[in-house]
Amino acid sequence: MSALKLQWSKQPFFVEAVIEPSEKTMNINEVAFHNFFKRSQFARCHLFEDKVKEVVETCLNINNDPNIGTQIITVAEARDAEFELEIDEEEMSAVVKVTTACHGKTFDFDSLVEWLNNNKVVDGIKEDAVRDFLKTIDEVEPGSHLEAVLATGKLPEPGAKTEFKCLVPTLLDRVLKPRLKDDGTVDLIDLGTIDTVQPQQPIMKRIPATPGTNGFTVTGQTIMAPETEETPFELGEGAERSAEDRHLIIASRSGMPVIIDNGMRVDEVYMVEEADASHGNIIFDGSVVVKGDVSNNVRIEATGSVTVGGSINSATILAGCDVAIANGAAGKKVDEQASDDYSGLSCHVTAGGHINIGYAQYSHLEAGKSIHINKQLLHCRSEAKQSVILGQGNDRKSKLIAGFTKVGESITAGEIGAPAFINTQLFLTANSDEGREEIAQLKEKMVPIKKQLDQLYQVQKSLLDNKEAPDRKKKLEQARNSILSLENDLAPIQEKIKTIEKETQENLEKCHIKVVSKIFPGVRIHFGLSKIRISEEKGSGKYIYTTGKIEFTQE
């Protein structure tokens, strides 16, 4: 017969099972002992599972032989919570891992924060996360393993870049926002009164750049925000900085305001009602405005912008800045042999900046920036350093059908191609033409170096094979030195080629074709040297270039 009780040991933190002879018989097994332990005041202590069987066997032994006497077995211990800290390599987060206490000590809010501070976590501590973590610790079973992010660093925030706000309407604004007639309809041809500016009139304001906000690591190190450089004004002809406000551009002469990169200029304006054969070609140092149409074979050249209130038909326009045509451009094929690249067309529009046009067909459009088409682009050769955009970017009805379209960044259209498998070619280059030219020049530069190296390798091999050659040692050393010198000349050229090729691939991965509505079979897509032909109709989505191949992602 035996009796069982639990008590604290004289040795700190340990719990003893005391088994002693008793007049009452105590039948116990491992399950019963576990239940007995869980109902005791020591339930949250860590139980030594390997001692449970020993306790059961000792109870049975005393039941059978009371003379054995009282037995004491250490069965459990009180354990403090064990906390571990992990700070990531960049010191931007601190993760706390814990094995929860077993009837031992644990942290409260203040002591946990103090422990973090003592372990170099001094910034970005999330107080709510700490409280939630401590609450969870109290609710789980003793000895549970938990972890949580209790502190995070903050990345620096860049400041706002310099902004340039135009203070006057430009002629391009007038074309893109035509006048309303009395009956509420839009008059695409009547440009109305052309807005001009006068000397000393403010035309652009610069909103200065603002400094960024520094970041920090959890260990309290400051991460400096990148410096925000002030972008200076670009003052074109007819514009000057205000004497009273260094952030203000004013007109220095009368004329038409034109936006340029980071600034303004004021162009002298040449304005005509129509541009036809009777009027002749127009070549003007400034901006040209044609209120009506531009007729067949008329040529307009301007250092500034060219604005047409009507349409152009088999004409040529060359502008140093933007070209805006309210209606459209129409031409025809003049070279049937140039059908694939659409180089033989009768209507040409070239702009150093943007081209904005209602529609175009059988026209050659070339923009230093982007081409914006309101409705349709049909059988055209279109080239833009930036993008070709049809509609407002989400216009399902805009159409790009047939032709040759080459861009540096992106193409956006409602529909691309047509159901009749019409050949429509799209090229996304990431403006790599210059890179390819530079690579070609670099490879040409390598030719004589490689030729000399090949000759020297042959000399070296011959000397190594012919051990009886006169002055062999001296000649071998000369050959090795010459080879080393040429290889040193070759290395930076090869590295430059690799850099250009890498940058080209990275830039191609930023390019895309956005299909707002659908794309039809027969469209050919080129990203750099990679190409695919569309074999089945697809809905809205994007074509992108990734890991060396062209992929379609549905939207």
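Residues numbered from 1 in each chain as written. Predicted model: local features only at pLDDT ≥ 70, side-chain atom pairs only at ≥ 80, totals over all residues. Heavy atoms only, no water.

Attention shifts here to the sheet that holds strand 16 (residues 248-251). With antiparallel pairing, four strands are arranged side by side in an open sheet as 8-11-16-15. At either margin of the open sheet sits one strand with a lone partner, and together these are strand 8 (163-166) and strand 15 (239-241). Looking at each pair of strands side by side, their axes are set apart by 25° on average, direction ignored. (Pairing = 2+ DSSP bridges. Helix = DSSP H or I, 4+ residues; strand = E, 2+ residues; numbered from the N terminus. Axes fitted to C-alpha atoms, helices over the stretch in contact; angles between N-to-C directions.)

This brings us to the environment of Glu-230. Mapped onto the elements, Glu-230 comes out in the loop between strand 13 (222-223) and strand 14 (234-235). Overall, the relative accessible area of 34% leaves Glu-230 in the partly exposed class. Taking the C-alpha atoms as reference points, Glu-230 and Ala-209, 21 residues apart in sequence, are found 5.7 Å from one another. Looking at Glu-230, its side chain comes within polar contact range of the side chain of Thr-162, at 2.8 Å. A polar contact of 3.2 Å, which involves the side chain of Glu-230, links it to the backbone nitrogen of Ala-209. (Buried < 20%, exposed > 50% of the residue type's maximum accessible area, 1.4 Å probe, protein only. Polar contact = N/O pair within 3.5 Å; in protein donor to acceptor, adjacent residues only side chain to side chain.)

Model confidence for the chain is summarised by a mean pLDDT of 88, while 93% of its residues fall at 70 or above. Confidence over residues 185-190 falls short of pLDDT 50; this stretch has 19 contacts with residues more than four positions distant or in other chains. (pLDDT = per-residue confidence, 0-100. Contact = heavy atoms within 4.5 Å.)

Counting across every chain of the model gives zero disulfides. In this model Cys-45 remains outside any disulfide bridge; the closest cysteine sulfur is found in Cys-102, 7.6 Å from its own. Lacking any disulfide linkage, Cys-321 is separated from the closest cysteine sulfur, that of Cys-166, by 12 Å. Residue Cys-321 is classed as buried on the basis of its relative accessible area, which comes to 7%. (Disulfide = S-S within 2.5 Å.)

For the structure shown, the criterion picks out 12 aromatic pairs. Aromatic side chains Phe-107 and Trp-115 sit 5.8 Å apart centroid to centroid with 40° between the ring planes, which places their arrangement in the tilted category. For Trp-115, a relative accessible area of 17% gives the class buried. For the ring pair Tyr-270 and Phe-284, a centre distance of 5.5 Å and an interplane angle of 40° mean the geometry is tilted. A residue pair is termed long-range when its members are at least 10 positions apart, and Tyr-270 in strand 19 (residues 269-272) and Phe-284 in strand 20 (residues 282-284) qualify at 14 residues. The rings of Phe-33, Phe-36 and Phe-37 are connected pair by pair, giving a single aromatic cluster. Just above the ring of Phe-109 sits the side chain of Arg-131; from NZ or CZ to the centre is 4.3 Å. Directly above the aromatic system of Phe-233 lies the positively charged group of Arg-206, at a separation of 4.7 Å from the ring centroid. (Phe/Tyr/Trp six-rings, centres within 6.5 Å; stacked < 30°, edge-to-face > 60°. Lys NZ or Arg CZ within 6 Å of the ring centre and 35° of its normal.)

Now for the sheet that holds strand 17 (residues 256-260). Taken together, the three strands give an open sheet; going across it, the order is 14-18-17, and neighbouring strands pair in mixed fashion. Pairing within the sheet leaves two strands with one partner each, and these edge strands are strand 14 and strand 17. Note that strand 14 and strand 18 (residues 263-267) share two bridges and pair parallel. If you follow Leu-235 over to strand 18, its bridge partner there is Met-264.

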